[in-house]
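Structural overview for review
Now for the letters of each chain:
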Amino acid sequence: QVQLVESGGGLVQAGESLRLSCAASGSIFGINGMAWYRQAPGKQRELVAGISSRGTTNYADSVKGRFTISRDNANNTVYLQMNSLKPEDTAVYYCNADQILRTGRTYNYWGQGTQVTVSS
């Protein structure tokens, strides 16, 4: 069992920055890819950025050039640096992690979410 806890959300004005953190704890052996998703009111949850165990990253087109995902494997933590924030970025941001065990079974975990609100 893995627990994911996000932090760093808040209320900012357009053009400002936030840095989100997600710390994994529990039975963390085998944690593989990690990602940030977001869900705005009335919309489906969407992938914002992902990072593999080897550090390969991918981003939604809407955040390319503004957001940066990174991870600290030693501390089982993933970050999302969000610059030049726009009102359209307002959403609840969720951390996600994949785990693969030696048995070959895979598991997927979600954090509780952290609110990001960008005012104009």
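This write-up is about the structure you can find in this document. (Residues numbered from 1 in each chain as written. Predicted model: local features only at pLDDT ≥ 70, side-chain atom pairs only at ≥ 80, totals over all residues. Heavy atoms only, no water.)

1. Details of the overall build of the protein chain
The secondary structure content of the protein chain amounts to 0 helices and 11 strands. Its helices and strands taken in sequence order, the protein chain reads β-β-β-β-β-β-β-β-β-β-β from the N to the C terminus. In terms of overall dimensions, the protein chain is globule-like: its C-alpha atoms have a radius of gyration of 14 Å, near the 14 Å expected for 120 residues. Taking the principal axes of the C-alpha coordinates as reference, the protein chain spans close to 50 × 25 × 25 Å. Sorting the 120 residues of the protein chain into buried and exposed places 38% on the buried side. The contacts in the protein chain between residues at least 6 apart in sequence include a share of 55% that link residues at least 24 apart. Accessible area for the protein chain stands at about 6,500 Å²; split by element, carbon and sulfur atoms hold 47% of it. Computing the positive centroid from 11 side-chain charges and the negative centroid from 8, the protein chain places the two 7 Å apart. (Helix = DSSP H or I, 4+ residues; strand = E, 2+ residues; numbered from the N terminus. Rg over C-alpha atoms; globule rule 2.2 N^0.38 Å. Buried < 20%, exposed > 50% of the residue type's maximum accessible area, 1.4 Å probe, protein only. Contact = heavy atoms within 4.5 Å. Areas by Shrake-Rupley, 256 points an atom, 1.4 Å probe, with all protein chains shown as cover. Lys, Arg positive; Asp, Glu negative; His and termini not counted. Charge placed at Lys NZ, Arg CZ, Asp CG, Glu CD.)

2. What about the environment of Ser120?
The residue Ser120 is located in the segment after β11 (114-119) in this model. For the pair Ser120 and Leu85, spaced 35 residues apart in the sequence, the C-alpha separation amounts to 9.9 Å. Those residues in contact with Ser120, other than ones at most four positions away along the chain, are Ala14 and Pro87.

3. Some points on the state of the cysteines
On inspection of all chains with the given rule, the structure shows 1 disulfide. The side chain of Cys22 participates in a disulfide bridge whose partner is Cys95; the two sulfur atoms lie 2.1 Å from each other. Classification of the bridge connecting Cys22 and Cys95 rests on its S-S torsion, roughly -85°, and on that basis the disulfide is left-handed. Of this pair, Cys22 sits in strand β3 (residues 18-26) while Cys95 is found in strand β9 (residues 91-100), placing the two residues 73 residues apart along the sequence. For the pair Cys22 and Cys95, one class covers both residues: buried. (Disulfide = S-S within 2.5 Å.)

4. Side note on the nonpolar core
Core analysis: the biggest nonpolar cluster contains 28 residues, and Leu4, Met34, Trp36, Leu80, Met82 and Tyr93 have the highest contact counts within it. Sorting the residues of this core by element identifies β1 (2-7), β3, β4 (31-39), β5 (46-51), β7 (67-72), β8 (77-82), β9 and β11 as the ones contributing at least two each. The residues contacting Leu80, other than those within four sequence positions of it, are Leu18, Arg19, Leu20, Trp36, Val48, Ala49, Phe67, Thr68, Ile69 and Tyr93. (Core = buried A, V, L, I, M, F, W, Y, C linked by side-chain atoms within 4.5 Å.)

Remember that the coordinates give geometry; whether it matters functionally is a separate question.
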